[in-house]
Amino acid sequence: MTLKIDPAQLRHLRLRAQGLAAPVNDLRQLLTGAVSLQAHDYNAAVLGVRARSCGLVDEDVREALIGGDLCWTWLMRGTLHLVTMADLSWLLPLFGPQFIRLTARRYRELGLDEEARRRATSLLRQILADGPQTRAALKDKLAAEGLPVEGQACPHLLRHAALEGALVCVPLRNSRPEYRLLDDRAMDGWPGSDEAAARLSRRFLRAFGPANAADLARWSGLPMQLARVGLDALADEVTAVNAAGQKAVMANDQLPWLKDETEHSLFLLPAFDALLLSHVDRDLVLLPEVSRAIHPGGGIIRPSLLIDGVVRGRWQLKRGRRSLTVIVTPFVLLPQARRPQLEAEVADIGRFLGQVSVLKLEEVAA
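All of these numbers come straight from a predicted model, not from anything done at the bench.

A. The arrangement of the overall build of the chain in detail. Assigned secondary structure in the chain consists of 14 helices and 14 strands. A compact globule built from 366 residues would reach a C-alpha radius of gyration of about 21 Å, and the chain, at 21 Å, matches this within 12%. Over its C-alpha atoms, taken along the principal directions, the chain stretches across nearly 65 × 55 × 35 Å. Across the 366 residues in the chain, those meeting the buried criterion constitute 52%. Taking all contacts inside the chain whose residues are at least 6 apart in sequence as the whole, residues at least 24 apart take part in 66%. When the accessible area of the chain is evaluated, it comes to approximately 16800 Å², of which 50% is carbon and sulfur surface.

What follows is the structure, given as structure tokens:
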């Protein structure tokens, strides 16, 4: 029997699964629930933490990364993500070899053959044994050993070393990364690819469900065949659903959420938010008529105003010396009853970042 879920229920289920409708004040719990937050833009990832938490501040994220509770490295889709260090031990062996293979052509274009990459990773292990280093410092030291570092060569050598488990990123005060050696013990406990795929599928479904194999493949970058294998392994843990016209499954332990009374919610989601990166069909969240305003192409996902699970505007953050200005441009007329919710979100951005924040509400976008 297939359970039918209407659009409003589907949006509520995904908001709750992502922690937006049930924020927590523990970073490890937050990242365990969300699986990961895309973090090639570190500041956006930190604001993703804010949207899913209560009581935390941006410095908590930095301290957790420096302290080793969280990890900032290349994983899903071959891009930078925030995850818990505990999850890295099974996520990196699942994704690292795959994205090294998928980058083979780019390596050739940059003159980074297997021997050059091996030498670079070995050198980086030696260099970083003395402590974290900036990209500029590492570039100079690799160049001194005769390795190609110009253009995109150095970033790709650092990424390759990370995909091999040699290093991770830590944020400087300007939010740019330093690189530090990854403790080999952090990679203990690899369960094998089939078990890791099933574990990832279970975690993805609890964080983004209802969903299907195409959604899992899109979000993770795993081959569709492996995504299907992972979800098929959960047959006894899931229920088939018709999710607003799409075939999907949801975790059995989340079925009670269907009895929730849906609340009128409003969120200011950051750029590249996981909610907008996790499903093939986003039309129920990001309406086709405004899609280009949020997703103009080139992999860009702009910050969005989310009302009752639907994108109803965009926003940007202007940083001043003494205050922040949150500029919100709605796509529809904002009901006056929602103004307090918006003001509360703006105030919370200021609290999280440790500065006074001011709302600037613009006219409805044409």
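Next, the rest of the story.
B. Just the sheet that holds strand S12 (residues 310-319), in detail. Overall, mixed pairing links the five strands, which are arranged S10-S11-S12-S13-S14 in an open sheet. The sheet is open, and its two edges are formed by strand S10 (266-269) and strand S14 (356-361), each paired on a single side. Direction aside, neighbouring strands of the sheet carry axes that sit 30° apart on average. Most of the contacts of helix H14 (residues 339-353) go to S14, to which it runs at about 145°, and overall it touches S10, strand S11 (304-307), S12, strand S13 (323-330) and S14.

C. A look at helix H7 (residues 114-128). With 15 residues, H7 extends 21 Å between its outermost C-alpha atoms, agreeing within 8% with the 21 Å of an ideal straight helix rising 1.5 Å per residue. If you check which residues of H7 are buried, you get Ala116, Arg117, Ala120, Thr121, Leu123, Leu124, Ile127 and Leu128. The buried residues of H7 occupy an angular sector of 170° when projected down its axis, which confines them to one face. Away from its buried face, by an angle of more than 90 degrees, H7 presents the exposed residues Glu114 and Gln126. At its buried positions, H7 is contacted by helix H6 (104-109), strand S5 (133-134), helix H8 (135-144), helix H9 (153-163), strand S6 (167-171) and strand S7 (177-181).

D. Region of the structure containing the sheet that holds strand S9 (residues 246-251). Pairing within the open sheet is mixed, and its three strands lie in the order S1-S8-S9. Edge positions in the sheet fall to strand S1 (3-5) and S9, since each of these pairs with one other strand and no more. Neighbour-to-neighbour, the strand axes of this sheet turn through a mean angle of 40°, independent of strand direction. Across six bridges, the pairing between strand S8 (residues 238-243) and S9 is antiparallel. Paired with Ala243 across the bridge in S9 is Gln246.

E. View of the side chain of Arg62. Within the secondary structure, Arg62 is located in helix H4 (residues 58-67). Looking at Arg62, its side chain comes within polar contact range of the main-chain oxygen of Pro171, at 3.5 Å. Within the local environment of Arg62, its side chain forms a polar contact with the backbone oxygen of Leu172, the two atoms lying 2.4 Å apart. Not counting residues up to four positions away in its chain, the partners in contact with Arg62 are Tyr42, Pro171, Leu172, Arg173 and Ser175.

F. Spatial organisation of the packing of H7 against H9. Close contact between H7 and H9 brings their axes to 9 Å; oriented N to C, the two are set at 75°. Of the possible angle classes, the one that applies to H7 and H9 is roughly perpendicular. Together, Ala116, Arg117, Ala120, Thr121 and Leu124 of H7 and Leu157, Leu158, His160 and Ala161 of H9 make up the contact between the two elements. Residues of the contact of H7 with H9, tallied by class, amount to six nonpolar, two polar and one charged.

G. Seen up close, the pairing of S14. With six bridges connecting them, S13 and S14 associate as parallel partners. Residue pairing across strands places Ile327 opposite Lys360, the latter belonging to S14.

H. Highlighting helix H12 (residues 224-232). Of all the residues in H12, the buried ones are Ala227, Gly230 and Leu231. Down the axis of H12, the sector holding all buried residues measures 95°, keeping them to one side. Exposed residues pointing more than 90 degrees away from the buried face of H12 are listed as Gln225 and Asp232. Residues of H12 that are buried in the fold lie against helix H10 (193-208) and helix H11 (213-220).

I. Inspection of the state of the cysteines at higher detail. Applying the stated rule across the entire model yields zero disulfides. With no disulfide partner, Cys169 has as its closest neighbouring cysteine sulfur the one in Cys71, 8.0 Å distant. For Cys169, a relative accessible area of 3% corresponds to the buried category.

The rules we used
Going along each chain's sequence as written, the residues are numbered from 1 onward. Local features are withheld for residues below a pLDDT of 70 in this predicted model, meaning they are given only at 70 or higher, and side-chain atom pairs are given and counted only at 80 or more; totals for whole chains, interfaces and linings count all residues. Hydrogens and waters are ignored; side-chain quantities use all the structure's heavy atoms. Helix numbering and strand numbering both begin at the N terminus, where a helix is a DSSP run of H or I of at least 4 residues and a strand a DSSP run of E of at least 2. A radius of gyration in this sense is built from C-alpha atoms; the matching globule rule multiplies 2.2 Å by the number of residues raised to 0.38. Think of it in three bands: with a 1.4 Å probe and only protein chains considered, a residue is buried below 20% of the maximum accessible area for its type, exposed above 50%, and partly exposed in between. In what follows, a contact means two residues having at least one pair of non-hydrogen atoms within 4.5 Å. Per-residue and other accessible areas were derived by the Shrake-Rupley procedure at a 1.4 Å probe size, with only the shown protein chains allowed to occlude residues. By the convention used here, strands pair only if DSSP detects at least 2 bridges between them. Only the stretch in contact is used when fitting a helix axis, every axis being a line fitted to C-alpha atoms; angles between N-to-C directions are given from 0 to 180 degrees. Given the number of residues in a helix, its expected span is that number minus one, multiplied by 1.5 Å. What the arc describes is the spread of directions from the helix axis to the C-beta atoms. A 3.5 Å cut-off defines polar contacts: any pair of N or O atoms within that distance qualifies, except that in protein one atom must be a possible hydrogen donor and the other a possible acceptor, and neighbouring residues in sequence count only when both atoms are side-chain atoms. Small angles under 35 degrees read as roughly parallel and large ones over 145 as roughly antiparallel, with 65 to 115 read as roughly perpendicular and the rest as oblique. In this classification, Asp, Glu, Lys and Arg are treated as charged, Ala, Val, Leu, Ile, Met, Phe, Trp, Tyr, Cys and Pro as nonpolar, and every other residue, Gly included, as polar. Disulfide: a pair of cysteine sulfur atoms within 2.5 Å of each other.

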